[in-house]
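Letter by letter, the chains look like this.
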Amino acid sequence: GSAGGEQRVERGLRVGACADRQHHVRRRDAVEHAAPHRLRELALVLPFLLHSLALKGILEAKRRFDLSNLVRIPVVIFTFAAPILILPFSHDLRIVVPVMLSGRILAWLLNLGMVFRILPHLLHLRGWEPRDIGMLLRMGGWFSVSGVAGPIIDGMDRVFISSFLSVSMVAYYT
């Protein structure tokens, strides 16, 4: 009797482990299939993200760290809380990623509003002179380089790792 029961339990455990493994393989395949689409969405939001960093720089250059943090703190909380709040309803990246990216667009709008609040004359600017670009790049070259290169360099390790390993492994890395 007990040997037959042990065999049934062992067989049940093997079947359960196999089903669990198949579930993870299907989930990994789904994540890897969805990744290129999510990267396109990220590419659409990247200009907002970069401009938001520039706006944050303006706030901090004006020593308005209070306004900068008024945006930054809720954005950080949203970054961690949104996926957790979505989790009971969906595990689908098609839902999670756009919600996360919408938070970044909202942060951009808030930063833009804060900059217009402390520099209202910017609302009345109607254009710019091409000859001013050289002066702006010389004066703010360090900001231009770090503002553009920083996010690119920050993400390169993920791109590099994903070229050798699965996208799901990159998710564990980050």
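Residues numbered from 1 in each chain as written. Predicted model: local features only at pLDDT ≥ 70, side-chain atom pairs only at ≥ 80, totals over all residues. Heavy atoms only, no water.

## Some remarks on the pattern of salt bridges
Part 1 of the argument: All told, the structure shown has 2 salt bridges when counted by the stated rule.
Part 2 of the argument: For Glu60, the salt bridge identified is with Lys56, shortest N-O distance 3.4 Å. Separated by 4 residues within a single helix, Glu60 and Lys56 lie in helix H1 (residues 2-61), roughly one turn from each other.
Part 3 of the argument: For Glu60, a relative accessible area of 26% puts it in the partly exposed group.
Part 4 of the argument: With its nearest N and O atoms 2.8 Å apart, the salt bridge here joins Arg64 to Asp66.
Part 5 of the argument: According to the relative accessible area criterion, Arg64 is partly exposed, its value standing at 28%.
Part 6 of the argument: Asp66 gets classed as partly exposed once you look at its relative accessible area, which sits at 45%. (Salt bridge = Lys/Arg side-chain N within 4 Å of Asp/Glu carboxyl O. Helix = DSSP H or I, 4+ residues; strand = E, 2+ residues; numbered from the N terminus. Buried < 20%, exposed > 50% of the residue type's maximum accessible area, 1.4 Å probe, protein only.)

## Thoughts on the nonpolar core
Part 1 of the argument: Counting 11 residues, the largest nonpolar core consists of Leu55, Leu59, Leu67, Val71, Val75, Ala107, Trp108, Leu112, Met114, Val115 and Leu119.
Part 2 of the argument: For this core, the secondary structure elements donating two or more residues are H1, helix H2 (65-86) and helix H3 (93-118).
Part 3 of the argument: By residue number, the principal contributor to this core is H3, which donates 5 residues. (Core = buried A, V, L, I, M, F, W, Y, C linked by side-chain atoms within 4.5 Å.)

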